[in-house]
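# Summary of structural features
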Amino acid sequence: LMSCLAGLETVTRALPKFLAPFLPKLLPLLLSRQLSLAADMDPHVKMAADKALLPLGDLVPVRLLLPPAAGWFQVAVKAGRAATGRLFGLLSSATSQLTTGDDVLGHYKRFFKLYLL
């Protein structure tokens, strides 16, 4: 598990734009209940999961992260508080990419849809 998470972190940092086709299946795995339980039992797994997930928010363009984010929210809520916190950390990192008013204007509807559902 640790090797997979470390490998994912490396791929995310090296090739973030090429992860777009894999995000719909990858994020539910990183927010799954099983990973949350493993992270609760072992702090090293928690750190590796966070290190694999958070760079996605920093490096993957917001336009690629937001469309399937509502589905991830449902997965994270079912997985528990820790997974929901990790998802909000990811979204927090993604919003830091929105540096101009035009960026915010281009994505605000998707954020409202996510947070108001």
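About the criteria used
- Counting of residues starts from 1 at the beginning of each chain's written sequence and follows it residue by residue.
- Where local features are concerned, this predicted model is filtered to residues with pLDDT of at least 70; where side-chain atom pairs are given and counted, the filter is 80 or more; whole-chain, interface and lining totals use all residues.
- To get the side-chain values, all heavy atoms of the structure are used, and hydrogens and water are removed first.
- Angles here are taken between N-to-C directions and fall from 0 to 180 degrees, while the axes themselves are lines fitted to C-alpha atoms, restricted in helices to the stretch in contact.
- Put simply, DSSP marks the helices as runs of H or I at least four residues long and the strands as runs of E at least two long, and each gets a number from the N terminus on.
- Reported orientations rely on four angle classes, namely roughly parallel under 35 degrees, roughly antiparallel over 145, roughly perpendicular from 65 to 115, and oblique for the rest.
- Here a crossing is taken to be left-handed if its near helix is turned anticlockwise relative to the far helix by less than a right angle, and right-handed if that turn runs clockwise.
- Here, residues are in contact when the closest pair of their heavy atoms is within 4.5 Å.
- A helix is expected to reach a length of 1.5 Å times the quantity of its residues less one.
- Each residue gets one of three labels from its accessible area relative to the maximum for its type: buried under 20%, exposed over 50%, partly exposed in between, using a 1.4 Å probe on protein chains only.
- The reported arc concerns the directions from the helix axis to the C-beta atoms and nothing else.
- Candidates for patches are residues over 30% relative accessible area with no salt bridge; among them, like charges are joined within 9 Å and nonpolar side chains (Val, Leu, Ile, Met, Phe, Trp, Tyr) within 5 Å.
- Computed with a 1.4 Å probe, the accessible areas rest on the Shrake-Rupley method; for each residue, only the protein chains presented here act as cover.
- Salt bridge, as used here, is a side-chain nitrogen of Lys or Arg placed within 4 Å of a carboxyl oxygen of Asp or Glu.
- Only buried residues count toward a nonpolar core, which is a set of Ala, Val, Leu, Ile, Met, Phe, Trp, Tyr and Cys residues joined through side-chain atoms within 4.5 Å.
- What qualifies as a polar contact is a pair of N or O atoms within 3.5 Å, subject to a donor-acceptor requirement within protein and to the restriction that residues adjacent in sequence count only when both atoms come from side chains.

### Digging into the packing of helix α1 (residues 2-14) against helix α4 (residues 43-59)
- As a packed pair, α1 and α4 sit with axes 9 Å apart at the nearest point and diverge in direction by 20 degrees. What the angle tells us is that α1 and α4 run roughly parallel. Seen along the crossing, α1 lies across α4 with a hand that is left-handed. In this structure, α1 contributes Met-2, Leu-5, Leu-8, Glu-9, Thr-12 and Arg-13 to the contact, and α4 contributes His-44, Val-45, Ala-48, Ala-49, Lys-51, Ala-52, Pro-55, Leu-56 and Leu-59.

### Here we look at α1
- Here α1 contains 13 residues, and its C-alpha end-to-end distance of 18 Å stays within 8% of the 18 Å for a straight helix at 1.5 Å per residue.
- For α1, the set of buried residues is Leu-5, Leu-8, Glu-9 and Thr-12. Each buried residue of α1 sits inside an arc of 100 degrees when the element is viewed along its axis, so together they form one side. More than 90 degrees from the buried face of α1, the exposed residues found are Ser-3, Thr-10 and Ala-14.
- Summarising the contacts, the buried residues of α1 are in contact with α2 (23-30), α3 (33-41) and α4.

### Observations concerning a nonpolar patch on the surface
- A cluster of nonpolar side chains, namely Val-104, Leu-105, Tyr-108 and Phe-112, defines an oily patch on the protein surface of about 380 Å² accessible area.
- A residue is classified by how much of its surface remains accessible, and Tyr-108, at 32% relative accessible area, is partly exposed.

### Looking at the nonpolar core
- Formed by 32 residues in total, the largest nonpolar core has its most connected members in Leu-30, Leu-56, Trp-72 and Leu-87.
- Mapped by element, the contributors of at least two residues to this core are α1, α2, α3, α4, α5 (62-65), α6 (69-79) and α7 (81-95).
- By residue number, the principal contributor to this core is α4, which donates six residues.
- The contacts of Leu-56, once residues within four sequence positions are left out, are Thr-12, Leu-19, Leu-23, Leu-27, Leu-30, Leu-65 and Leu-90.

### Considering the environment of Arg-81
- Positionally, Arg-81 belongs in helix α7.
- Separated by 17 residues in the primary sequence, Arg-81 and Leu-64 place their C-alpha atoms 25 Å from one another.

### Focus: the pattern of salt bridges
- Enumeration over the complete set of coordinates arrives at two salt bridges.
- With a shortest N-O distance of 3.2 Å, Arg-13 and Glu-9 are connected by a salt bridge. Here the residue Arg-13 and the residue Glu-9 both occupy positions in helix α1, the gap between them amounting to four residues, near one helical turn.
- Put simply, Asp-50 and Lys-46 hold a salt bridge, and the shortest N to O gap is 3.1 Å. In this pair, Asp-50 and Lys-46 are both assigned in helix α4, four residues apart and thus about one turn of the helix distant.
- Residue classification places Lys-46 among the partly exposed residues on the basis of a relative accessible area of 42%.

### A short note on the side chain of Ser-32
- In this fold, Ser-32 is placed in the loop between α2 and α3.
- Among the polar contacts made by the side chain of Ser-32, one reaches the main-chain carbonyl oxygen of Leu-29 at a distance of 3.0 Å.
- The contact partners of Ser-32, leaving out residues within four places of it in the chain, are Ala-79 and Arg-86.

Read these as geometric descriptors, not functional statements.
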